[in-house]
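Residue-level listing of the chains:
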Amino acid sequence: MAAVGVVGATGLVGETMIKVLQDRSFPMDSFHPFASGRSEGKNSRCHGRDYPVEIITPETISKGMILFGATSANIAKDWVPMCRDAGALVIDNSSAYRMDPTVPLVVPEVNAGAMTGRESLIANPNCSTIQLVMALNPLLELGSIRWISVATYQAVSGAGTPALDELERQQSGSPPSGAEGRIHQNIITSIGDPGRGGFCGEELKLMSETCKIMGIDVPIYASTARVPVRTGHTEAVAVAFDRPVEPSDAVALLRCAPGVIVSEYGAGPLEVEGIDDVIVDRVRVNPADPSVLQFWVLADNLRKGAALNAVQIAEEYLRRSS
Ligand SMILES: NC(=O)c1ccc[n+]([C@@H]2O[C@H](COP(=O)([O-])OP(=O)(O)OC[C@H]3O[C@@H](n4cnc5c(N)ncnc54)[C@H](OP(=O)(O)O)[C@@H]3O)[C@@H](O)[C@H]2O)c1
């Protein structure tokens with residue numbers, strides 16, 4: 001058993017991480033919540049005990065520790081190298097190291113083999129990417145993918161505590177303030193920093209991370225939007241194969257896929273809030289082109305989209321390293 005730490009323990013992902021670690025009885029011989037100086041004096045509760053929030057320094061970490069990162073990418077770049085140097089294992093939720101070719105980017109149901117069990121850093125993918133690859137991977141049995149189109153409807157909790165607080169302020173009548181813009185009764189059609197060629201950061205992450213995890217190199221037409229929903233990301237997906245496909249074959253493959261539930265009734269984000277599985281809904285073939293499969297995919301962005309996937313990575317890592 002190892003000492004376990006959550007860096008960013010007071011944030012939305014960090015708090016969910018602590019819940020998931022307890023739900024899954026993750027083996028730990030001590031627990032260490034870390035956050036910024038703003039959280040000094042606060043406690044995090046785990047397995048019925050209060051633990052004081054600490055600042056991450058060479059003195060507060062140790063060799064063999066398992067650290068789950070739930071801070072922004074800029075902050076991660078400050079503390080992750082120090083922890084690797086100290087001999088800890090880091091599983092990081094931020095985008096800082098996801099596209100580093102030396103760092104595995106893992107969704108255990110899809111590419112657990114990318115890990116050897118000897119790494120010091122494993123990256124957890126973006127929330128919108130995780131649910132997409134969970135649905136796409138079982139479908140590879142139908143044929144080779146020619147292209148993927150995905151439009152996202154992403155919950156506000158995906159942007160962290162300040163965004164959720166801002167949604168609540170706007171819902172109670174306050175005017176928009178801060179970086180989040182006008183989200184109450186609105187849709188924001190750009191997520192993250194502006195990127196190359198008019199794409200936003202979230203679209204670029206979804207495209208590059210999907211190819212890295214699945215080991216494919218195909219066009220991905222991504223459009224991402226933030227909607228005024230608290231939790232649960234929804235995606236409208238179209239996938240073109242190299243041959244005609246049958247919806248019943250796709251459903252049969254998805255029904256056998258671990259972590260996937262198939263539904264047919266038009267599920268919404270409230271159906272995935274608080275659950276671990278990804279829902280794939282209304283699988284159908286386009287009548288104008290029988291090689292194009294269309295479906296919706298939904299997941300709790302804080303659980304499978306972040307905390308749960310990170311804990312599953314650690315569980316798989318421990319299996320491989322023992
Ligand atoms: N939300 C999602 O659905 C989701 C999904 C996938 C990935 N992610 C990624 O996960 C990360 C965390 O997201 P979040 O939504 O949980 O954000 P959040 O709610 O804003 O939480 C940020 C956390 O970072 C901590 N922090 C800030 N500065 C720090 C420092 N110098 N040292 C240590 N901790 C520090 C904060 O502590 P204080 O409370 O002390 O400020 C807080 O605990 C981000 O990289 C995000 O992109 C989020």
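Residues numbered from 1 in each chain as written. Predicted model: local features only at pLDDT ≥ 70, side-chain atom pairs only at ≥ 80, totals over all residues.

Peer 1: So what exactly am I meant to see when it comes to the overall build of the protein chain here?
Peer 2: Along its length, the protein chain carries nine helices and 13 strands. A globule of 322 residues ought to have a C-alpha radius of gyration of about 20 Å, and the protein chain, at 20 Å, matches this closely. Burial analysis of the protein chain (322 residues in total) assigns 46% to the buried set. Residue pairs in contact within the protein chain that sit at least 24 positions apart in sequence constitute 69% of those at least 6 positions apart. (Helix = DSSP H or I, 4+ residues; strand = E, 2+ residues; numbered from the N terminus. Rg over C-alpha atoms; globule rule 2.2 N^0.38 Å. Buried ≥ 20, exposed ≤ 12 C-beta atoms within 10 Å, placed from the backbone. Contact = placed C-beta atoms within 7 Å.)

Peer 1: Would you mind showing me how to read the site of the ligand here?
Peer 2: Neighbouring the ligand are 30 residues; Gly8, Gly11, Val13, Ser94 and Gly160 lie closest to it. Elements with a minimum of two residues in the shell around the ligand: α1 (12–23), α2 (73–85) and α9 (303–321). In terms of residues, the shell around the ligand owes the most to one element, α1, which gives three residues. For the shell around the ligand, a count of residues per class yields 13 nonpolar, 16 polar and one charged. When residues are assigned to domains, the shell around the ligand turns out to be shared by domain 1 (3–125 + 306–321) and domain 2 (129–300), each giving three or more. (Near = placed C-beta within 6 Å. Nonpolar A, V, L, I, M, F, W, Y, C, P; charged D, E, K, R; others polar. Domains from an automatic or database assignment.)

Peer 1: Sorry, what's going on with the pairing of strand β10 (residues 233–241) here?
Peer 2: Sheet faces and side chains relate simply in a regular strand, where the side chains alternate between the two faces. As judged from the eight bridges shared by strand β8 (residues 145–154) and β10, these two strands associate in the antiparallel manner. Note on β10: the bridge partner recorded for Val150 is Val237. As paired strands, β10 and strand β13 (residues 292–299) are joined by eight bridges and run antiparallel to one another. Its bridge partner being in β13, His233 is matched across the sheet by Ala299. (Pairing = 2+ DSSP bridges.)

Peer 1: Can you help me understand the domain arrangement of the protein chain in this one?
Peer 2: Interface size is commonly expressed as the accessible surface area that is lost when the partners come together. Annotation of the protein chain at the domain level lists domain 1 (3–125 + 306–321) and domain 2 (129–300). Placing a centre on the C-alpha atoms of domain 1 and another on those of domain 2 gives a separation of 25 Å. Between domain 1 and domain 2, the residue contacts involve 13 residues of the former and 18 residues of the latter. Counting residues per element, the ones that place at least two in the side of domain 1 that touches domain 2 are α3 (108–111) and α9. Looking at the side of domain 1 that touches domain 2, the element that brings in the most residues is α3, giving three residues. A class-by-class count of the residues in the side of domain 1 that touches domain 2 yields seven nonpolar, four polar and two charged.

Peer 1: Help me understand the sheet that holds β10, please; the structure alone is not making it clear to me.
Peer 2: Adjacent strands of a sheet pair through backbone hydrogen bonds, lying either parallel or antiparallel. Pairing is mixed across the open sheet formed by six strands, whose spatial order is β9-β8-β10-β13-β12-β11. Whereas interior strands pair on both sides, the edge strands pair on one side only; in this sheet they are β9 (220–226) and β11 (260–263). Across the sheet, the mean angle separating the axes of adjacent strands is 20 degrees when strand polarity is ignored. Sitting on the sheet, helix α4 (residues 127–139) touches β8, β9, β10, β11, β12 (278–285) and β13, and the angle it makes with β10 is about 35 degrees. The strands touched by helix α6 (residues 201–214) within the sheet are β8 and β9, with β9 carrying the most contacts at an inclination of about 140 degrees. (Axes fitted to C-alpha atoms, helices over the stretch in contact; angles between N-to-C directions.)

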